[in-house]
Amino acid sequence: QVQLVESGGGVVQPGMSLTLSCSASGFTFSRYAMHWVRQAAGKGLEWVAVISYDGDTKIYADSVKGRFTISRHSSNSTLSLQMTSLQSDDTAVYYCARARDTGWYPDQLELWGQGTMVTVSS
Amino acid sequence: AIQMTQSPSSLSASVGDRVTITCRASQGIRNDLGWYQQKPGKPPRLLIYGASKLQSGVPSRFSGSGSGTDFTLTISSLQPEDFATYYCLHDLNYPFTFGPGTKVDIK
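Residues numbered from 1 in each chain as written. Chains lettered and ligands numbered in written order. Predicted model: local features only at pLDDT ≥ 70, side-chain atom pairs only at ≥ 80, totals over all residues. Heavy atoms only, no water.

1. Observations regarding the packing of aromatic side chains
Piece 1. Tallied over the entire structure, the rule returns nine aromatic pairs over all chains.
Piece 2. Taking the centre distance of 5.2 Å and the plane angle of 25° together, the rings of tryptophan 104 of chain A and tyrosine 94 of chain B count as stacked. Here the residue tryptophan 104 of chain A occupies a position in the loop between strand E9 (92–99) and strand E10 (109–112), and tyrosine 94 of chain B occupies one in the loop between strand E9 (84–90) and strand E10 (97–98), the pair thus bridging two chains.
Piece 3. A residue is classified by how much of its surface remains accessible, and tryptophan 104 of chain A, at 27% relative accessible area, is partly exposed.
Piece 4. Feature note: the residues Trp47 and Trp104 of chain A together with Tyr94 and Phe96 of chain B constitute an aromatic cluster, connected by ring pairs.
Piece 5. Sitting over the ring of phenylalanine 27 of chain A, arginine 98 of chain A keeps its end group 4.8 Å from the ring centre.
Piece 6. Across the ring face of tyrosine 32 of chain A, the terminal group of arginine 98 of chain A is positioned such that the distance to the ring centre comes to 4.0 Å. (Phe/Tyr/Trp six-rings, centres within 6.5 Å; stacked < 30°, edge-to-face > 60°. Helix = DSSP H or I, 4+ residues; strand = E, 2+ residues; numbered from the N terminus. Buried < 20%, exposed > 50% of the residue type's maximum accessible area, 1.4 Å probe, protein only. Lys NZ or Arg CZ within 6 Å of the ring centre and 35° of its normal.)

2. Brief notes about the side chain of arginine 38 of chain A
Residues and elements named next belong to chain A.
Piece 1. Position of arginine 38 among the secondary structure elements: in strand E4 (residues 34–39).
Piece 2. When its relative accessible area of 5% is taken as the criterion, arginine 38 is described as buried.
Piece 3. A polar atom in the side chain of arginine 38 sits 2.9 Å from the side chain of aspartate 90.
Piece 4. Residues within four places of arginine 38 in sequence aside, it is in contact with Gly44, Leu45, Glu46, Val48, Ser63, Val64, Phe68, Asp89, Asp90, Ala92, Val93 and Tyr94. (Polar contact = N/O pair within 3.5 Å; in protein donor to acceptor, adjacent residues only side chain to side chain. Contact = heavy atoms within 4.5 Å.)

3. Concerning the pattern of salt bridges
Piece 1. Counted under the stated rule, the structure contains ten salt bridges over all chains.
Piece 2. A salt bridge links aspartate 107 of chain A to arginine 100 of chain A, with the nearest nitrogen and oxygen atoms 3.3 Å apart.
Piece 3. A relative accessible area of 8% means that aspartate 107 of chain A is categorised as buried.
Piece 4. Linking arginine 61 of chain B and aspartate 82 of chain B is a salt bridge whose minimum nitrogen-to-oxygen distance equals 2.8 Å. Of this pair, arginine 61 of chain B sits in the loop between strand E6 (53–54) and strand E7 (62–67) while aspartate 82 of chain B sits in the loop between strand E8 (70–75) and E9, and the two are 21 residues apart along the sequence. The residues arginine 61 of chain B and aspartate 82 of chain B share a single accessibility class, namely buried.
Piece 5. Each of the salt bridges in this network shares a partner with another, and the network as a whole consists of Arg38, Glu46, Arg67 and Asp90 of chain A. (Salt bridge = Lys/Arg side-chain N within 4 Å of Asp/Glu carboxyl O.)

Coordinates in, geometry out; function isn't part of it.
What follows is the structure, encoded as structure tokens:
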């Protein structure tokens, strides 16, 4: 079954770190660029980061640059998002998503996980 | 970064109505635009890519048009399951940017 399953969300204090994971199955993980997108409660979607199919290129939204690190492990088809120096406005549901087509050309997001909630609060 | 706007921010419509949502980019993005539907508590669902190409499995009552800076999503005959929030997303280059969303609810 083609799917993405996120994990690792939780409640953390401001300034702390958290790592999210996304387990992929049912497709050749190593051929697709992968993304993180987040959504604060009652708000719109915010694109966070992308990693190329081979892991060589990583691009971030300005709002998380220098604090978040995206990575991937093809050996176990897992995408990760390491988040440091967390702030209250990082509180959101975090979705991992797969590009529609293989390769590195920018493409729409065809496959989404169900999301994992991150709450930053003291 | 490219900025995306949508109008209206919300609309009320009845089953069977024709609904049109507009998305505008701050600079030309060719036809590198997609449309998503999101229902409460669910992830977004890709409806349209390449501005006008229907994603597999999406009903034909959904259609997209436009290029450059102005784009439109049209639902030809609104169905009960179409009440949701709709977002546009440009994929011309990185960083991607979503529009702020349009909520479609029942009149």
